[in-house]
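# An overview of the molecular structure
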Amino acid sequence: MSSFAAWGITILALAVISTVAEMLLPKGKTRNVIRSVTASVAVLAIITPIPNLLKNGFKFDFSADEVEIDGGYLQYVDGVKEEMLVNSVKNYLSTKGLGVDFDLKLEVDGWTVKSATVNFSQSVITGGDEHINKSEIIKSIADYFGIDEEAVMSYG
């Protein structure tokens, strides 16, 4: 445990002990004396490491081994981000009258879409449509994300 963490735990322990002691003591002069003594001890605990810090400088023990990247959480965030982008483009297409059910996979870099893959194999013709206008959907997806039509691959 680093000295900084030990110092913080000491201050926290003093706060807890003084709170419990104050609740247990009867009201009166004894309580005021104990409160004063506890406050003095707390001040001493807070200022004790200050001369050492001024002499040696501030050094926090945060080694690189203690910091880890949570890959599972990053994958979850990427999945949610992709789902938001897919839903937004589907809403955009439905406002243009191209509300066809299809699967869409995106290659995303941050919030920038690099490419898209459209799977029309589960799509069905609904309503009075004569056919599914795949080229119009591909063009609209490319326009929406600001990518070339060649970056939008389709099958099905």
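Throughout what follows, the structure given in this document is the object of discussion.

Rules behind the numbers
Residues numbered from 1 in each chain as written. Predicted model: local features only at pLDDT ≥ 70, side-chain atom pairs only at ≥ 80, totals over all residues. Heavy atoms only, no water. Axes fitted to C-alpha atoms, helices over the stretch in contact; angles between N-to-C directions. Helix = DSSP H or I, 4+ residues; strand = E, 2+ residues; numbered from the N terminus. Parallel < 35°, antiparallel > 145°, perpendicular 65-115°, else oblique. Left-handed = near helix turned anticlockwise from the far one by under 90°. Contact = heavy atoms within 4.5 Å. Nonpolar A, V, L, I, M, F, W, Y, C, P; charged D, E, K, R; others polar. Pairing = 2+ DSSP bridges.

This paragraph deals with the packing of helix α4 (residues 71–95) against helix α5 (residues 134–145). For the pair α4 and α5, the least separation of the axes is 10 Å and the interaxial angle reads 120 degrees. Here α5 runs oblique to α4, going by the angle between their axes. Our pair here, α4 against α5, has a crossing hand that is right-handed. Taken together, the residues of α5 that come into contact with α4 (itself represented by Leu-85, Ser-88, Val-89, Tyr-92 and Leu-93) are Ile-137, Ser-140, Ile-141, Tyr-144 and Phe-145. Of the residues that constitute the contact of α4 with α5, the class distribution is 8 nonpolar, 2 polar and no charged.

On to the pairing of strand β1 (residues 103–109). Taken together, the 7 bridges between β1 and strand β2 (residues 112–119) define a ladder with antiparallel strand orientation. Its bridge partner being in β2, Val-108 is matched across the sheet by Val-113. Once β1 ends, the chain turns through 2 residues before running back antiparallel as β2, passing Gly-110 with a positive phi of about 70 degrees.

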